[in-house]
Amino acid sequence: TGVQTCALPICTQVITRSLELLMIFACTPLLFFAQDAEAPHSALAIVQAGVEQSEDAPFVPSDYQFLPGDYLYFTFQIAGFAIQSLNRDEVRKISLTYRVTPQDANGIPLTEPASDSIEAELSSEDKNWTPKRRVSFLLPSYVASGDFRVHVAVKDTFGKTEVTKDYPFHIGGVRIEPSDSINVQ
């Protein structure tokens, strides 16, 4: 007597596997469309930002030291902002505000902050455009050496979001050691 096999289970397995593959290929385009739909709604971000020794110069290296009384230049771009448009043919608008402040390690401002708003109309060619801003500060001539930061805050009026970020820099010169009492150095 021979062993009998049934071809029906094998046929069922082939059909089941074919249906699984068909479902995978049928759903794959939906995944790509879902990713494309979410791309414009990225998070508000401060990008391409850094401290410079002069306007439009390369960003200073992490060990660079400014001196009291030097100018500090700072450049940044803003990405991930909301765009307001009621109709497809209507002009698209953005509304942002920013505030840039050089601070000491305790968050105390070294100078008056630079702040402004960005109100712009975008055309269809501006889909990858990001606003770029430049600010400069005259560092105080009486500041002791140490670690400092440029604090940047950006608000998106239409998106109702806000982002902040700090960028470190160093000031060289006279070093004053902190003390619990008054000392003459």
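Please refer to the structure higher up on the page.
Now for a description of the structure that goes with this document. The model shown is predicted, which means the values in this text are computed figures rather than measured ones. (Residues numbered from 1 in each chain as written. Predicted model: local features only at pLDDT ≥ 70, side-chain atom pairs only at ≥ 80, totals over all residues. Heavy atoms only, no water.)

**Points about the nonpolar core**
Okay, so step 1: If you look at the biggest cluster of nonpolar residues, it comprises 32 residues, and the most contacted ones within it are Phe74, Phe76 and Phe169.
Okay, so step 2: Elements that contribute at least two residues to this core include exactly β1 (45-52), β3 (71-79), β4 (92-104), β5 (114-122), β6 (132-138), β7 (146-156) and β8 (161-171).
Okay, so step 3: Setting aside chain neighbours within four positions, we find Phe76 in contact with Ile46, Val47, Gln48, Ala49, Tyr98, Val100, Pro131, Lys132, Arg133, Val152 and Val154. (Core = buried A, V, L, I, M, F, W, Y, C linked by side-chain atoms within 4.5 Å. Buried < 20%, exposed > 50% of the residue type's maximum accessible area, 1.4 Å probe, protein only. Helix = DSSP H or I, 4+ residues; strand = E, 2+ residues; numbered from the N terminus. Contact = heavy atoms within 4.5 Å.)

**Section: the environment of Ile46**
Okay, so step 1: Considering the arrangement of structural elements, one finds Ile46 in strand β1.
Okay, so step 2: Overall, the relative accessible area of 7% leaves Ile46 in the buried class.
Okay, so step 3: Each C-alpha atom, one on Ile46 and one on Thr164, is 7.9 Å from the other, the two residues being 118 residues apart in sequence.
Okay, so step 4: Excluding residues within four positions of it along the chain, Ile46 makes contact with Phe76, Gln77, Val152, Val154, Val163, Thr164, Lys165 and Tyr167.

**With respect to the sheet that holds β6**
Okay, so step 1: As summarised here, the arrangement of the 3 strands in space is β1-β3-β6, forming an open sheet in which the pairing is antiparallel. Among the strands making up the open sheet, the edge pair consists of β1 and β6. Averaged over neighbouring strand pairs, the angle between their axes works out to 20° when direction is ignored.
Okay, so step 2: Here β3 pairs with β6 via 7 bridges, running antiparallel. Paired with Thr75 across the strands is Arg134, a residue of β6. (Pairing = 2+ DSSP bridges. Axes fitted to C-alpha atoms, helices over the stretch in contact; angles between N-to-C directions.)

**Concerning the sheet that holds strand β2 (residues 65-66)**
Okay, so step 1: Ordered by their spatial adjacency, 5 strands build an open sheet running β2-β8-β7-β4-β5, and the pairing between neighbours is mixed. One side of each edge strand has no neighbouring strand; the edge strands of this open sheet are β2 and β5.
Okay, so step 2: Looking at chain direction, β4 and β7 are connected through 9 bridges and run antiparallel. Bridge assignment links Val100 to a residue of β7, and that residue is Val152.

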